[in-house]
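# Fold and contact review
Given next are the chains, with one letter for each unit.
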Amino acid sequence: MARAVTTRHKTIATIAAWIVALLIFFPILYTIITSFKSEQEAIAGFNLIPSGTLESYAAVEAQSGYFKFFLNSVILSLGSTVLALIVSVPAAWAMAFSPTKRTKDILMWMLSTKMMPAVAVLFPIYLLFRDAGLLDSRIGLTVMLMLINLPIVVWMLYTYFREIPGEILEAARMDGATLWGEIVYVLTPMAVPGIASTMLLNIILAWNEAFWTIRLTTINAAPLTAFISSFSSPQGLFWAKLSAASTLAIAPILIMGWFSQKQLVRGLTFGAVK
Amino acid sequence: MKLRTLVLGLCSASAFAFAAQAESITIATVNNGDMIRMQKLTDDFTKKNPDIQLNWVTLEENVLRERVTTDIATKGGQYDVITIGNYEVPIWAKQNWLLALDNLGADYDVDDLLPAIRGGLTVDGKLYAAPFYGESAMIMYRTDLMEKAGLKMPDKPTWEFIGDAARKMTDRAAGINGICLRGKAGWGENMAFLTAMDNSFGGRWFDEKWKPQFDQPEWKDTLDFYVKLMKDAGPEGASSNGFNENLTLFQQGKCGMWIDATVAASFVSDPKNSTVAGKVGYAIFPNKEGVDNHGNWLWSWNLAIPASSQKAAAAEKFVSWATSKGYTDLVASKEGWASAPPGTRTSLYKNADYQKAAPFAGPTLAAMNAADITKPSVKPVPYTGGQFVAIPEFQGLGTTVGQLFSAALAGQSSVDDALKQAQDAATASMQEGGYLQ
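Procedures and definitions
- Residues numbered from 1 in each chain as written.
- Chains lettered and ligands numbered in written order.
- Predicted model: local features only at pLDDT ≥ 70, side-chain atom pairs only at ≥ 80, totals over all residues.
- Heavy atoms only, no water.
- Helix = DSSP H or I, 4+ residues; strand = E, 2+ residues; numbered from the N terminus.
- Buried < 20%, exposed > 50% of the residue type's maximum accessible area, 1.4 Å probe, protein only.
- Contact = heavy atoms within 4.5 Å.
- Areas by Shrake-Rupley, 256 points an atom, 1.4 Å probe, with all protein chains shown as cover.
- Patch = residues over 30% accessible without salt bridge, like charges linked within 9 Å, V, L, I, M, F, W, Y side chains within 5 Å.
- Salt bridge = Lys/Arg side-chain N within 4 Å of Asp/Glu carboxyl O.
- Lys, Arg positive; Asp, Glu negative; His and termini not counted.
- Polar contact = N/O pair within 3.5 Å; in protein donor to acceptor, adjacent residues only side chain to side chain.
- pLDDT = per-residue confidence, 0-100.
- Pairing = 2+ DSSP bridges.
- Domains from an automatic or database assignment.
- Buried area = accessible area lost by both parts, 1.4 Å probe.
- Nonpolar A, V, L, I, M, F, W, Y, C, P; charged D, E, K, R; others polar.

## As for the overall build of chain A
- Along its length, chain A carries 14 helices and zero strands.
- The order of α-helices and β-strands along chain A, N terminus first, is α-α-α-α-α-α-α-α-α-α-α-α-α-α.
- Reported as C-alpha extents along the three principal axes, the dimensions of chain A are approximately 70 × 65 × 30 Å.
- Looking at chain A as a whole, 43% of its 274 residues are labelled buried.
- Pairs at least 24 apart in sequence give 75% of the contacts found in chain A among residues at least 6 apart.
- Accessible surface, chain A: about 14900 Å² in total, of which carbon and sulfur atoms supply 72%.

Laid out in structure tokens, this is it:
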């Protein structure tokens, strides 16, 4: 029997959701507020009303040149996402529709690579990049970001594909569809919400990745994570500038997340309720 | 038309040829005020050296250290100039990771470098890094609160005096802590301070045979004194406070005294950012009654050239420019003498304009001259280094011990337990490193 949802329950749930959301969002909000303060205001203590100065943004732009880093972030996150989809759509298709007795093991093995601390392979990867001439190159880092996010992408797509009835693909085959046609014209359109949310999540993960993007770059391929890192100071208080740098770095992904939240939620909950 | 095409073509060709000749060097640095100022003033260098382009990579200190270590150890060749501390210089020079700076120019005046700083950057008679700015440690105290407490800072204060003064200056109802000291775990955070403090208590990290000394009375006295003092007169949550956190507290008027790097003096005396500017006095790092040792804290940020650099000549030109007397004059002319990078050159401290602009100049020089990293303790030691031990194992070991001492400060363990665990950790590390048999 379905439980009756009263207005009172709805109100409590809404308030609780807002409180949790605000708690999660507050550090970001305070970073944004601090970015509009002077350095003196920033260290003066807790204050939600900034003077509205833009001096930190001017200083940050003058010191580091935001757009070069921004462009690299865009190229790396989009490039690695496209590359990851090219590799993972066929892989997920194979595992979802032609599983073998080892499919589960392969999936678990792929996921297990995410459990290894990145620093454990820093030296081998650095040497490989050095020998291949890929240090501080966008190509090298795009491939690296694709590889580290690949297990998650394959897993997500595999989960979505499993929700699609195999009979539809069989019907396409009976109508004469080739393997390529089956994936491109039948499977992909049906999995668009899943692919879209996987894409969005991968873009966010690649945008925020801060271990490899800082360690494998210097000048040419450094993205916004390196940009933020440059504003952390061991001796001296530059909180307003650091906040301005952080705001500039997270703003694009925050805006993208805001506009695509419907797709994200739909994709993430796809197949959760049957 | 043909002539115009030819002229244009020649112009383009020569432009390309010039661009091809221009060498670009990559400089890795940290986000300190002095380093950022250097980046702003590099037009002067590029005007004098139009054939050299500069690329800057600014990173957080620990990331920079790890990044540069990885690159040098693997001969990645990503950097031409690196910013490193005097902890790394002798270790890396002995590994042949750095190039000796033999061509700094005729007018560089290497003899003008402060002897203590120069000594820390010299290996087998060769200079392996040029100091950009240097620091020791000293007491910064509120003259008004000291007066209110009915005390006068002696010329050479002892820890006993500091403890007494801190407790008298403490007024927790008014938000004033008698003393602010580092508590955040890290070899460059609380262990820098506690190592210097232990030196001034007559202690040492290792005896002549590399046996750790945490089971000796000097470390027990040091840590007992520190934990009790911070409990009685320190700020709340002191185990999370490093240089920046204490700087904030002091600038906001919440500390009666702060014992830390001399470079802080320029921050606390800056009226734009400090509410206590004009009310700050300076004194030499304290010592325990009867121990002739003022901590021997000596640190410098230096510019060095990794052996993997393919553009060493251009890199050395830059290092020479950035650490020259001419650079100091350039900073003074653009931003005033108080902004001149401190703690590297004797001539700066003889400059009347600098002495006038920087009231902390005298105490800073006194602190730096008092520091001797070749003899950090009154007892014999097998290592060099003042607030650190110049061995590769110290980064990891120092941080481990720092975590133990930070936990003791937070009340999560007793002083005795922390010392016992520190002794065990240090013994294991020394055995692993082959120092102890």
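## Quick word on a nonpolar patch on the surface
Residue and element names in this part refer to chain A.
- On the surface, a nonpolar cluster with roughly 650 Å² of combined accessible area is contributed by Phe25, Phe26, Leu29, Phe46, Leu48, Ile49 and Leu254.
- Examining the composition of the nonpolar patch, we find that three residues originate from one element, helix H1 (residues 7-35), more than from any other.
- For Ile49, the location among the structural elements is in the loop between helix H2 (39-43) and helix H3 (55-64).

## Quick notes on the side chain of Lys37(A)
Residue and element names in this part refer to chain A.
- Relative to the helices and strands, Lys37 resides in the loop between H1 and H2.
- For the buried residue Lys37, which engages in no salt bridge, the nearest side chain bearing the opposite charge is Glu41, 6.1 Å off.
- A polar side-chain atom of Lys37 sits 3.2 Å from a polar atom in the side chain of Tyr30.
- Every residue in contact with Lys37, bar those within four places of it in the chain, is listed here: Tyr30, Ala42, Gly45, Asn47, Pro50, Ser51, Thr53, Ser56 and Ala240.

## Section: the environment of Tyr30(A)
- In this fold, Tyr30(A) is placed in helix H1.
- Expressed as a C-alpha distance, the spacing of Tyr30(A) and Ser243(A), which sit 213 residues apart in the sequence, is 8.8 Å.

## Focus on the confidence of the model for chain B
Residues and elements named next belong to chain B.
- When pLDDT is averaged along chain B, the result is 92; 95% of the residues meet or exceed 70.
- Within chain B, no element has a lower average pLDDT than helix H1 (residues 2-21), which sits at 50, and none a higher one than helix H10 (residues 217-233), at 98.
- Here residues 13-20 is a poorly scored stretch, pLDDT under 50, and it has one contact once near neighbours within four places are set aside; other chains count.
- Note on the complex model: pTM 0.82, ipTM 0.76.

## Description of the pairing of strand S9 (residues 255-261) of chain B
All names here are of chain B.
- Of all seven residues making up S9, seven are buried, and the element is well covered by its neighbours.
- Of the pairings in the sheet, the one linking strand S7 (residues 137-142) to S9 comprises five bridges and is antiparallel in character. The residue of S9 that forms the bridge with Ala137 is Ala261.
- Across three bridges, the pairing between strand S8 (residues 177-180) and S9 is parallel. Bridge pairing links Ile179 to Met257 in S9.

## Focus on the domain arrangement of chain A
Residues and elements named next belong to chain A.
- Entries for chain A in the domain assignment read domain 1 (2-55) and domain 2 (65-264).
- With centres defined by C-alpha atoms, the gap from domain 1 to domain 2 works out at 29 Å.
- At the junction of the two partners, domain 1 supplies 11 residues and domain 2 supplies 11 residues.
- For the pair domain 1 and domain 2, the summed buried area comes to about 850 Å², and 73% of that belongs to carbon and sulfur atoms.
- Joining domain 1 to domain 2, the criterion identifies one salt bridge.
- In this structure, Glu39 and Lys241 form a salt bridge, with 3.4 Å as the shortest nitrogen-oxygen distance.

## Comments concerning the interface of chain A and chain B
- Counting from both sides, the interface comprises 31 residues of chain A and, opposite them, 38 residues of chain B.
- At the boundary of chain A with chain B, the tally comes to one salt bridge.
- Across the salt bridge formed by Glu66(B) and Arg215(A), the nearest N and O atoms sit 2.4 Å from each other.
- Connecting chain A to chain B are 11 residue pairs in polar contact (both at pLDDT 80 or more).
- Of all elements in the fold, only H2, helix H6 (122-131), helix H11 (212-215) and helix H12 (224-229) of chain A reach the threshold of two or more residues within the side of chain A that touches chain B.
- For the side of chain A that touches chain B, the element with the most residues is H6(A), which contributes five residues.
- When grouped by side-chain class, the residues that make up the side of chain A that touches chain B number 17 nonpolar, 11 polar and three charged.

## A look at helix H14 (residues 325-335) of chain B
Residues and elements named next belong to chain B.
- Looking at H14, one finds that the buried residues are Tyr327, Thr328, Leu330, Val331 and Ala332.
- Contacts made by the buried residues of H14 are with helix H2 (33-40), helix H3 (43-48), strand S6 (130-135), helix H13 (312-322) and helix H15 (346-350).
- Two to three positions downstream of the cap, the backbone nitrogen of Gly326 sits 3.4 Å from a side-chain oxygen, assigning the N-cap of H14 to Ser324.
- One or two steps after H14, the chain reaches Gly336, where phi turns positive at roughly 95°.

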